[in-house]
Amino acid sequence: GSVGAFIDVTEQRQLEEQRERSLAAERAARLDAERANRLKDDFLASLSHEVRTPLNALSIANQRLSRSLKRDEALPPDKAIELLASQSRDIEVINQYVERYLGLSRRTRHERTSVEVKTLVQEVFGYLEHEATRRSALLVQEPITDEGAIVLDGGKLRVVLVNLILNAIQAQ
(Lines give C-alpha, C1' and ligand atoms only; values in the text may rest on other atoms or scores of the structure.)
Protein backbone atom coordinates (compact mmCIF):
# COMPACT_ATOMS: atom_id res chain seq x y z
CA GLY A 1 0.00 0.00 0.00
CA SER A 2 0.69 3.53 -0.31
CA VAL A 3 -0.04 6.46 1.90
CA GLY A 4 -0.68 9.89 0.46
CA ALA A 5 -0.99 13.26 1.98
CA PHE A 6 -2.46 16.32 0.38
CA ILE A 7 -1.74 19.84 1.44
CA ASP A 8 -4.09 22.51 0.23
CA VAL A 9 -1.88 25.36 -1.08
CA THR A 10 -4.72 27.36 -2.61
CA GLU A 11 -4.60 30.02 0.07
CA GLN A 12 -0.82 30.29 -0.14
CA ARG A 13 -0.98 30.59 -3.95
CA GLN A 14 -3.66 33.30 -3.69
CA LEU A 15 -1.49 35.23 -1.22
CA GLU A 16 1.51 34.98 -3.55
CA GLU A 17 -0.59 36.17 -6.51
CA GLN A 18 -1.93 39.08 -4.43
CA ARG A 19 1.64 39.94 -3.38
CA GLU A 20 2.75 39.93 -7.05
CA ARG A 21 -0.18 42.17 -8.04
CA SER A 22 0.68 44.54 -5.18
CA LEU A 23 4.34 44.66 -6.22
CA ALA A 24 3.37 45.31 -9.85
CA ALA A 25 1.00 48.09 -8.78
CA GLU A 26 3.73 49.59 -6.58
CA ARG A 27 6.23 49.51 -9.48
CA ALA A 28 3.70 51.15 -11.81
CA ALA A 29 2.91 53.82 -9.21
CA ARG A 30 6.63 54.49 -8.68
CA LEU A 31 7.18 54.81 -12.46
CA ASP A 32 4.20 57.18 -12.71
CA ALA A 33 5.56 59.26 -9.82
CA GLU A 34 9.02 59.40 -11.42
CA ARG A 35 7.48 60.42 -14.76
CA ALA A 36 5.38 63.10 -13.06
CA ASN A 37 8.46 64.35 -11.22
CA ARG A 38 10.41 64.61 -14.50
CA LEU A 39 7.50 66.48 -16.11
CA LYS A 40 7.37 68.85 -13.13
CA ASP A 41 11.13 69.44 -13.37
CA ASP A 42 10.86 70.11 -17.12
CA PHE A 43 7.92 72.42 -16.51
CA LEU A 44 9.79 74.40 -13.83
CA ALA A 45 12.95 74.59 -15.96
CA SER A 46 10.92 75.91 -18.88
CA LEU A 47 9.08 78.44 -16.72
CA SER A 48 12.36 79.56 -15.15
CA HIS A 49 13.95 80.05 -18.57
CA GLU A 50 10.96 81.90 -20.01
CA VAL A 51 10.64 84.27 -17.04
CA ARG A 52 14.35 84.84 -16.45
CA THR A 53 14.92 86.64 -19.77
CA PRO A 54 12.41 89.46 -19.20
CA LEU A 55 13.43 89.66 -15.54
CA ASN A 56 17.04 90.20 -16.60
CA ALA A 57 15.92 92.95 -18.98
CA LEU A 58 13.95 94.60 -16.15
CA SER A 59 16.99 94.37 -13.89
CA ILE A 60 19.23 96.01 -16.49
CA ALA A 61 16.70 98.80 -17.05
CA ASN A 62 16.45 99.39 -13.30
CA GLN A 63 20.25 99.51 -12.98
CA ARG A 64 20.40 102.05 -15.81
CA LEU A 65 17.76 104.20 -14.13
CA SER A 66 19.47 103.85 -10.75
CA ARG A 67 22.86 104.92 -12.18
CA SER A 68 21.22 107.89 -13.83
CA LEU A 69 19.56 108.98 -10.57
CA LYS A 70 22.74 108.45 -8.51
CA ARG A 71 24.69 110.66 -10.91
CA ASP A 72 21.89 113.21 -10.71
CA GLU A 73 21.54 112.95 -14.47
CA ALA A 74 18.04 113.16 -15.82
CA LEU A 75 17.27 110.80 -18.64
CA PRO A 76 16.03 112.60 -21.73
CA PRO A 77 12.24 112.24 -21.91
CA ASP A 78 12.35 110.08 -25.04
CA LYS A 79 14.85 107.69 -23.37
CA ALA A 80 12.77 107.57 -20.17
CA ILE A 81 9.62 106.80 -22.17
CA GLU A 82 11.49 104.12 -24.12
CA LEU A 83 12.78 102.60 -20.87
CA LEU A 84 9.31 102.55 -19.30
CA ALA A 85 7.77 101.05 -22.44
CA SER A 86 10.44 98.35 -22.46
CA GLN A 87 9.75 97.55 -18.81
CA SER A 88 6.01 97.41 -19.46
CA ARG A 89 6.56 94.95 -22.31
CA ASP A 90 8.78 92.77 -20.14
CA ILE A 91 6.22 92.78 -17.32
CA GLU A 92 3.53 91.87 -19.84
CA VAL A 93 5.62 88.96 -21.12
CA ILE A 94 6.13 87.67 -17.57
CA ASN A 95 2.40 87.96 -16.87
CA GLN A 96 1.59 86.01 -20.03
CA TYR A 97 4.02 83.23 -19.14
CA VAL A 98 2.65 82.99 -15.62
CA GLU A 99 -0.92 82.86 -16.91
CA ARG A 100 -0.03 80.32 -19.57
CA TYR A 101 1.82 78.04 -17.15
CA LEU A 102 -0.75 78.41 -14.40
CA GLY A 103 -3.39 77.54 -16.95
CA LEU A 104 -1.51 74.34 -17.74
CA SER A 105 -1.41 73.34 -14.11
CA ARG A 106 -5.08 74.04 -13.36
CA ARG A 107 -7.50 71.17 -13.61
CA THR A 108 -10.47 72.39 -15.58
CA ARG A 109 -13.60 70.90 -17.02
CA HIS A 110 -14.00 70.90 -20.75
CA GLU A 111 -17.11 72.82 -21.74
CA ARG A 112 -17.98 71.36 -25.12
CA THR A 113 -20.51 73.55 -26.89
CA SER A 114 -21.41 74.54 -30.40
CA VAL A 115 -19.13 77.43 -31.42
CA GLU A 116 -19.51 79.70 -34.45
CA VAL A 117 -15.89 79.94 -35.61
CA LYS A 118 -16.46 83.15 -37.59
CA THR A 119 -17.98 84.89 -34.55
CA LEU A 120 -15.23 83.66 -32.24
CA VAL A 121 -12.46 84.87 -34.58
CA GLN A 122 -14.17 88.27 -34.91
CA GLU A 123 -14.41 88.56 -31.11
CA VAL A 124 -10.72 87.72 -30.66
CA PHE A 125 -9.64 90.18 -33.37
CA GLY A 126 -11.80 92.88 -31.79
CA TYR A 127 -10.29 92.14 -28.39
CA LEU A 128 -6.71 92.34 -29.69
CA GLU A 129 -7.16 95.26 -32.07
CA HIS A 130 -6.04 97.84 -29.49
CA GLU A 131 -2.90 95.85 -28.63
CA ALA A 132 -2.01 95.49 -32.31
CA THR A 133 -2.48 99.23 -32.87
CA ARG A 134 -0.42 100.04 -29.77
CA ARG A 135 2.43 97.92 -31.16
CA SER A 136 2.00 99.20 -34.73
CA ALA A 137 1.08 95.72 -35.92
CA LEU A 138 -1.39 95.11 -38.69
CA LEU A 139 -4.11 92.57 -37.97
CA VAL A 140 -5.63 91.18 -41.14
CA GLN A 141 -8.58 88.84 -40.95
CA GLU A 142 -9.24 86.81 -44.05
CA PRO A 143 -12.93 86.37 -44.79
CA ILE A 144 -14.39 83.21 -43.31
CA THR A 145 -16.91 81.87 -45.76
CA ASP A 146 -18.03 78.84 -43.78
CA GLU A 147 -20.90 79.85 -41.50
CA GLY A 148 -20.89 76.52 -39.69
CA ALA A 149 -20.37 75.75 -36.07
CA ILE A 150 -18.15 73.16 -34.47
CA VAL A 151 -18.50 71.42 -31.12
CA LEU A 152 -15.57 72.01 -28.79
CA ASP A 153 -14.47 73.97 -25.73
CA GLY A 154 -14.95 77.53 -27.02
CA GLY A 155 -13.22 79.08 -24.02
CA LYS A 156 -10.08 77.04 -24.60
CA LEU A 157 -10.13 77.81 -28.33
CA ARG A 158 -10.48 81.53 -27.49
CA VAL A 159 -7.40 81.32 -25.21
CA VAL A 160 -5.42 79.50 -27.91
CA LEU A 161 -6.34 82.11 -30.53
CA VAL A 162 -5.54 85.03 -28.20
CA ASN A 163 -2.15 83.53 -27.30
CA LEU A 164 -1.32 82.71 -30.91
CA ILE A 165 -2.20 86.18 -32.19
CA LEU A 166 -0.52 87.94 -29.23
CA ASN A 167 2.67 85.99 -29.94
CA ALA A 168 2.49 87.06 -33.58
CA ILE A 169 1.95 90.69 -32.58
CA GLN A 170 4.89 90.58 -30.16
CA ALA A 171 7.15 88.92 -32.73
CA GLN A 172 6.55 91.65 -35.26
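Residues numbered from 1 in each chain as written. Predicted model: local features only at pLDDT ≥ 70, side-chain atom pairs only at ≥ 80, totals over all residues. Heavy atoms only, no water.

Novice: Sorry, what's going on with the overall build of the protein here?
Specialist: Helix and strand content of the protein: four helices and two strands. When the helices and strands of the protein are read in sequence order from the N terminus, they spell out α-α-β-α-β-α. Along the first, second and third principal axes, the C-alpha set of the protein runs to 115 × 55 × 20 Å. For the protein, buried positions account for 17% of its 172 residues. (Helix = DSSP H or I, 4+ residues; strand = E, 2+ residues; numbered from the N terminus. Buried < 20%, exposed > 50% of the residue type's maximum accessible area, 1.4 Å probe, protein only.)

Novice: What exactly am I supposed to notice about the nonpolar core here?
Specialist: The tendency in soluble globular proteins is for nonpolar side chains to be buried side by side. If you look at the biggest cluster of nonpolar residues, it comprises 14 residues, and the most contacted ones within it are L120, V124, L128, L161, V162, I165 and I169. Residue assignment for this core shows that the elements contributing at least two residues are α3 (117-134) and α4 (154-171). The element contributing the most residues to this core is α3, with six residues. Discounting residues that sit within four places of it in the chain, L128 has contacts with L139, V162, I165, L166 and I169. Among the nonpolar cores identified, the runner-up in size contains five residues, and V51, L58, I94 and Y101 belong to it. (Core = buried A, V, L, I, M, F, W, Y, C linked by side-chain atoms within 4.5 Å. Contact = heavy atoms within 4.5 Å.)

Novice: Which parts of the structure should I look at to understand the packing of α3 against α4?
Specialist: Describing two packed helices takes the angle between their axes plus the distance from one axis to the other. At a minimum axis separation of 10 Å, α3 and α4 run at an interaxial angle of 35°. Crossing hand, α3 versus α4: right-handed. Along its contact with α3, which presents L120, V121, E123, V124, F125, Y127, L128, E131 and A132, the element α4 presents G154, L157, R158, L161, V162, I165, L166 and I169. Partitioning the contact of α3 with α4 into residue classes produces 13 nonpolar, one polar and three charged. (Axes fitted to C-alpha atoms, helices over the stretch in contact; angles between N-to-C directions. Left-handed = near helix turned anticlockwise from the far one by under 90°. Nonpolar A, V, L, I, M, F, W, Y, C, P; charged D, E, K, R; others polar.)

Novice: Explanation requested: helix α1 (residues 10-70) in the structure shown.
Specialist: Each turn of an α-helix holds 3.6 residues, which means side chains three or four residues apart point in the same direction. With 61 residues, α1 extends 86 Å from end C-alpha to end C-alpha; this agrees with the ideal 90 Å at 1.5 Å per step. Of all bends in α1, the biggest is about 30°, found at R52, and the proline P54 comes one to four residues later. Every buried residue of α1 is listed here: V51, P54, L58, A61 and S68. Trailing α1 by a residue or two, D72 shows a phi angle of about 60°, which is positive. (Expected span 1.5 Å × (residues − 1). Bend = angle between axes of the 7 residues up to and from the residue.)

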